[in-house]
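Understanding the architecture of this molecule
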Amino acid sequence: MRSGQEDASIVATHMMMEAADLGIGTCWVNFFPNTETAKAFGLPDNLVPVLLMPAGYADPDCKPAPRHTEYPEWDSMVE
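A brief structural summary. Because the structure is predicted, anything quoted here is derived from the model rather than measured.

As for the overall build of the protein
Across its full length, the protein carries three helices and two strands. Taken from N to C terminus, the helices and strands of the protein fall in the order α-β-α-β-α. In terms of overall size, the protein is more extended than a compact globule, its C-alpha atoms giving a radius of gyration of 17 Å where 79 residues would be expected to give roughly 12 Å. For the protein, the spread of C-alpha atoms along the principal axes amounts to about 50 × 40 × 25 Å.

Pasting the structure below:
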């Protein structure tokens, strides 16, 4: 059984939660050219990157995009 992607997802989630506890923002990047990324980082052929996670301190005035905080009424989604 191969569970590398699932395992990487679990580890990344824990890393993101720990970073948040430390006041560090992260962003899960899923869609990227993994072969080009592996080449750019000089990874051996047997390693395939499955996600990127930029991390850093957010600008104090930074706010989530509206679609992350505004939700439609339940009536419009459920009948």
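Section: the pattern of salt bridges
The final tally for this structure, using the stated rule, is one salt bridge. Glu36 is the partner of Lys39 in a salt bridge, and the nearest nitrogen-oxygen pair spans 3.5 Å. Of this pair, Lys39 and Glu36 both sit in helix H2 (residues 34-40), three residues apart, which is roughly one turn of the helix. Its relative accessible area of 60% is what places Lys39 among the exposed residues.

Observations concerning the side chain of Thr37
In this fold, Thr37 is placed in helix H2. Residue classification places Thr37 among the buried positions, given a relative accessible area of 11%. Ignoring anything within four residues of it in the chain, the contact list for Thr37 reads Phe32, Pro49 and Leu52.

Examining a nonpolar patch on the surface
Taken together, the side chains of Phe41, Leu43 and Leu47 define a hydrophobic patch exposed on the protein surface, amounting to about 310 Å² of accessible area. Within the element layout of this structure, Leu47 appears in the loop between H2 and strand E2 (55-56).

Focus: the environment of Gly56
Following the sequence through the fold, Gly56 ends up in strand E2. If sequence neighbours within four positions are ignored, Gly56 has contacts with Ile24 and Gly25.

A closer look at the state of the cysteines
Evaluated as defined, the whole model comprises zero disulfides. Its sulfur unpaired, Cys27 is 11 Å from the next cysteine sulfur, which belongs to Cys62.

Definitions and limits used
- Residues numbered from 1 in each chain as written.
- Predicted model: local features only at pLDDT ≥ 70, side-chain atom pairs only at ≥ 80, totals over all residues.
- Heavy atoms only, no water.
- Helix = DSSP H or I, 4+ residues; strand = E, 2+ residues; numbered from the N terminus.
- Rg over C-alpha atoms; globule rule 2.2 N^0.38 Å.
- Salt bridge = Lys/Arg side-chain N within 4 Å of Asp/Glu carboxyl O.
- Buried < 20%, exposed > 50% of the residue type's maximum accessible area, 1.4 Å probe, protein only.
- Contact = heavy atoms within 4.5 Å.
- Patch = residues over 30% accessible without salt bridge, like charges linked within 9 Å, V, L, I, M, F, W, Y side chains within 5 Å.
- Areas by Shrake-Rupley, 256 points an atom, 1.4 Å probe, with all protein chains shown as cover.
- Disulfide = S-S within 2.5 Å.

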